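# Geometric and topological summary
What follows is each chain in one-letter form.
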Amino acid sequence: MAIARAQRDDGIAARLMPAVTTILAATLSVVPMRMPGFAVVTPAFALMAVYHWTIYRPELLAPLGVFVIGVYLDFLNGTPAGLSALTLLLAQVLVMGRRRWFVNRSFPFVWLGFAGLAGLFMAMQWAVAGLFDLRMLDFRPFAFQGVLTVAIFPIASWVLVRAQRAFLRAA
Amino acid sequence: MPVRAAAQRLGVPFLILLSALLIVLGKADILVVDRARMAVADAMLPVLDLVARPIETATQMLQKLEAAGALYQENQRLREENARLLQWQEVARRMVTENGQLRGLLKFPEDNPVTFVTARVVAESGGAFARNLLVNAGARDQVARGQVALAGEGLVGRVSEVGTRSARVLLLTDLNSRIPVVIDGSRERAVLAGDNSSRPQLTYLSSKAEVKIGDRIVTSGRGGLFPSDLPIGQVVSVEGSVVRVELYVDLGRLDFIRIIDYGLDGVLPQSAMPQPKPARQGKGAAADPAR
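Small disclaimer: the values here were computed from a predicted structure and weren't measured. Sequence positions are assigned chain by chain, starting from 1 and proceeding in written order. Labels are handed out in written order, letters beginning with A for the chains and numbers beginning with 1 for the ligands. Residues qualify for local features only when their pLDDT is at least 70, as the model is predicted, and side-chain atom pairs are given and counted only at 80 or more; totals for whole chains, interfaces and linings, by contrast, use all residues. Calculated side-chain values reflect all of the structure's heavy atoms, with hydrogen atoms and water omitted.

## Some remarks on the overall build of chain B
Of the regular secondary structure elements, chain B holds four helices and 12 strands. Burial classification: accessible surface area is computed with a 1.4 Å probe over protein chains only, and a residue below 20% of its type maximum counts as buried, one above 50% as exposed, and the rest as partly exposed. Taking all 291 residues of chain B together, the buried fraction comes to 40%. Any two residues having at least one pair of non-hydrogen atoms within 4.5 Å are treated as being in contact. For chain B, the share of sequence-separated contacts (at least 6 apart) that also reach a separation of at least 24 residues comes to 58%. All accessible-area figures derive from a Shrake-Rupley calculation using a 1.4 Å probe, and residue coverage is judged against the displayed protein chains alone. Working note: accessible area of chain B is about 16,400 Å², and carbon and sulfur atoms make up 59% of it. Under the scheme used here, helices are H or I runs from DSSP no shorter than 4 residues and strands are E runs no shorter than 2 residues, and both carry numbers assigned from the N terminus.

## Considering the overall build of chain A
When helices and strands are counted, chain A shows eight helices and zero strands. Starting at the N terminus, the α and β elements of chain A follow one another as α-α-α-α-α-α-α-α. Every one of the 171 residues in chain A was classed for burial, and the buried ones make up 56%. In chain A, once contacts between residues fewer than 6 apart in sequence are set aside, the share between residues at least 24 apart is 76%.

## Notes on the environment of Val-143 of chain B
All names here are of chain B. With respect to the helices and strands, the residue Val-143 is situated in the loop between β2 (132-135) and β3 (148-151). With relative accessibility at 2%, the residue Val-143 sits in the buried group. For the pair Val-143 and Glu-161, spaced 18 residues apart in the sequence, the C-alpha separation amounts to 9.6 Å. Those residues in contact with Val-143 that sit more than four places away from it in its chain are Val-117, Ala-137, Gly-138, Val-159, Val-162, Ala-167 and Ile-259.

## Digging into the packing of helix α3 (residues 45-56) of chain A against helix α8 (residues 140-167) of chain A
Relative orientation and spacing of two packed helices are given, respectively, by the angle between their axes and the distance between those axes. All names here are of chain A. Where α3 contacts α8, the axes come no closer than 9 Å and their chain directions differ by 50°. The angle between α3 and α8 falls in the class oblique. As for the relative orientation of α3 and α8, their crossing is right-handed in sense. Together, Phe-45, Met-48, Ala-49, Tyr-51, His-52, Trp-53 and Tyr-56 of α3 and Thr-149, Ile-152, Phe-153, Ala-156, Ser-157, Leu-160, Val-161 and Gln-164 of α8 make up the contact between the two elements. Residues are grouped as follows: Ala, Val, Leu, Ile, Met, Phe, Trp, Tyr, Cys and Pro are nonpolar; Asp, Glu, Lys and Arg are charged; all remaining types, including Gly, are polar. Of the residues that constitute the contact of α3 with α8, the class distribution is 11 nonpolar, four polar and no charged. Here, axes are lines fitted to C-alpha atoms. For helices the fit covers the stretch in contact, and angles between N-to-C directions go from 0 to 180 degrees. Angle categories are assigned with fixed cut-offs, so that under 35 degrees is roughly parallel, over 145 is roughly antiparallel, 65 to 115 is roughly perpendicular, and the rest are oblique. By convention the crossing between two helices is left-handed if the near helix lies anticlockwise of the far one by an angle smaller than a right angle, and right-handed if it lies clockwise.

## Here's the deal with the sheet that holds strand β12 (residues 256-261) of chain B
Residue and element names in this part refer to chain B. Should DSSP find at least two bridges between two strands, the strands are taken to pair. Strand order in the closed barrel formed by six strands is β1-β2-β5-β4-β3-β12, and the pairing between neighbours is antiparallel. Geometrically, the sheet is characterised by an average inter-axis angle of 45° between neighbouring strands, direction not taken into account. Of the pairings in the sheet, the one linking β3 to strand β4 (residues 154-162) comprises four bridges and is antiparallel in character. Considered in β4, the bridge of Leu-150 is made with Leu-155. In the packing of helix α2 (residues 31-69) onto the sheet, the strands contacted are β1 (115-124), β2, β4, β5 (167-171) and β12, and the crossing angle to β1 comes to about 80°.

## Points about helix α2 (residues 12-28) of chain A
Note on helix geometry: an α-helix contains 3.6 residues per turn, so any two residues three or four positions apart are oriented the same way. For a helix, the expected span equals 1.5 Å multiplied by the number of residues minus one. Along its 17 residues, α2 of chain A runs 24 Å from first to last C-alpha, staying within 8% of the 24 Å computed at 1.5 Å per residue. In α2 of chain A, a bend of some 40° at Pro-18 of chain A exceeds every other bend along the element. Buried residues belonging to α2 of chain A abut α3, α4 (63-77) and α8 of chain A together with α2 of chain B. Fitting one axis to the seven residues ending at a residue and another to the seven starting there, the bend at that residue is the angle between the two axes.

## Quick notes on the pairing of β3 of chain B
All names here are of chain B. Side chains Val-148 and Leu-150 of β3 all project onto a buried face; the interleaved residues Ala-149 and Ala-151 project onto the opposite face, where all are buried too. Counted between consecutive antiparallel strands, the loop separating β3 from β4 contains two residues. Relative to β12, β3 runs antiparallel, the two sharing three bridges. In the strand pairing of β12, Leu-150 is matched with Arg-258.

## With respect to the nonpolar core
The nonpolar side chains of a soluble globular protein tend to be buried with one another. Here, the term nonpolar core denotes a set of buried Ala, Val, Leu, Ile, Met, Phe, Trp, Tyr and Cys residues that are joined through side-chain atoms within 4.5 Å. Ranked by internal contacts, the top residues of the largest apolar core, which has 68 residues, are Leu-47, Tyr-51, Phe-114 and Phe-121 of chain A together with Leu-48 of chain B. Element by element, the count of residues in this core is highest for helix α7 (residues 107-133) of chain A, at 10 residues. If we skip the residues at most four places from it in the chain, Leu-47 of chain A touches Leu-88, Ala-91, Phe-114, Leu-117, Ala-118 and Phe-121 of chain A. Among the nonpolar cores identified, the runner-up in size contains 40 residues, and Val-121, Ala-151, Ile-179 and Leu-254 of chain B belong to it.

## Description of the sheet that holds strand β9 (residues 216-219) of chain B
Residue and element names in this part refer to chain B. The strand order β6-β7-β8-β11-β10-β9 describes a closed barrel built from six strands, whose pairing is antiparallel. Along the sheet, successive strands turn relative to each other by an average axial angle of 45°, direction set aside. Two strands pair when backbone bridges link them, and strand β10 (residues 231-239) and strand β11 (residues 242-247) are joined in this way by six bridges, in the antiparallel orientation. The residue bridging Val-235 from the neighbouring strand is Val-245, located in β11.

## As for a nonpolar patch on the surface
Nonpolar side chains (Val, Leu, Ile, Met, Phe, Trp, Tyr) are joined into patches within 5 Å and like charges within 9 Å, using only residues with over 30% relative accessible area and no salt bridge. By definition, a salt bridge exists where a carboxyl oxygen of Asp or Glu is found within 4 Å of a side-chain nitrogen of Lys or Arg. Taken together, the side chains of Ile-12, Leu-16, Val-20 and Leu-24 of chain A define a hydrophobic patch exposed on the protein surface, amounting to about 400 Å² of accessible area. A residue is classified by how much of its surface remains accessible, and Val-20 of chain A, at 41% relative accessible area, is partly exposed.

## Considering the packing of aromatic side chains
Residues and elements named next belong to chain A. Any Phe, Tyr or Trp ring, taking Trp's six-membered ring, that has another such ring centre within 6.5 Å forms a pair; planes under 30 degrees apart are called stacked, those over 60 apart edge-to-face, and the others tilted. Inspection of the entire model under this criterion finds nine aromatic pairs over all chains. Of the aromatic side chains, those joined through ring pairs into one cluster are Tyr-51, Trp-101, Phe-102, Phe-107, Phe-109, Trp-111, Phe-114 and Phe-153. The rule is short: NZ of Lys or CZ of Arg within 6 Å of the ring centre and within 35 degrees of the ring normal puts a charge over the ring. Above the ring of Trp-101, the side-chain terminus of Arg-98 is found at 5.9 Å from the ring centroid. Positioned above the aromatic ring of Phe-109 is the side chain of Arg-105, whose terminal nitrogen or guanidinium carbon lies 4.0 Å from the ring centre.

## Focus on unusual backbone geometry
For residues other than glycine, phi is negative in most cases, and the peptide bonds are mostly trans. Residues and elements named next belong to chain B. For Tyr-204, which is not glycine, the phi dihedral falls at a positive 55°. Along the chain, Tyr-204 falls in the loop between β8 (201-203) and β9. Of note in the backbone geometry, Asp-229 takes a positive phi value of approximately 65° without being a glycine. Along the chain, Asp-229 turns up in the loop between β9 and β10.

Printed below as a string of structure tokens:
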């Protein structure tokens, strides 16, 4: 009931926020950043957005949205279509079942949860990409991307919390 | 509400299955998926371009500041380099004349006229398992699949997908990149294979081949994908049978690249690419009888 009321109270723009920020996050991950070493592996921004919204406003980021954004990301990235969609959806399902652990918890706890998720996410990507190419891929770039993603998460989280407070009422 | 909840419960496994199906379909190189991919790239191009520009400006300013600090030494170094290069220019001029005379004597067929477009890099694949660039030139700029991408110092990769106004360049470092090369000097053949690290490996080297650090690697022109003798990089490590090559081009800092049409049609499947002009087909191979 509380969710339904919050949905009524939020305007259309506000309700689109989670999807829009997730699309922006996906787009950001292909923008060339001319930092040495950074271009080789960029953080998985889209995963951060999916994690955040699945915990705080799951009703506003439907699995269908995650699927579409995942395919969009694969198209931009030139990666096998469906790879990001599959891994982002699995990540969402993982978080969805456990979101009560994270709501109203301190940030370090949320960060720790994200670290676990990012690890699983990179392992899934590694496995699926390896299956696609039918060979063992070097795990190191994936591990590196995982570490980078976890390290950048506080910044992304800060931005997303601001956006949420600015546009959305508390659920 | 219960209907919606049920739809949602059904929805997730269905979407997961659909993603898996898409991946399997992608393995078969379905034309529709390729088209959709480049259509998205085309549509997003203006946005990506818009986002890429301020970042480019910011890094350029940083680089300028950095450069200002070392202006004097840089100037000194350039003077010396210029003096050295002027000598090389002399040598090159003599060679061009001599080469022209010799070609005339041999009735050697002329190389195809080379055309190129300069394109801006608007996106880079950021994942851990793909190395490619999206550039803002496509079919309407006569970019076609298989064309060669160069930056100032050497080879970058080749065009793997073409949209109307955007194209994707598969970098030399990508897992799927395989380039026939030779070691300059010894003319020893090998294949430069990307493995997603920043330093691709030399594979299929003959066991008798002698490779040492600092050896220059250039394209061999075999297979008709690339013309011969395009600079690629130099050997930086030899550990047992693993030979790694440092590229001349810093792939992480590309703003612009040149996409060059050498009129080669190589071994790429023709189905998905805009057909090159028929008059040019076959001539590329004829122009290169030395290999």
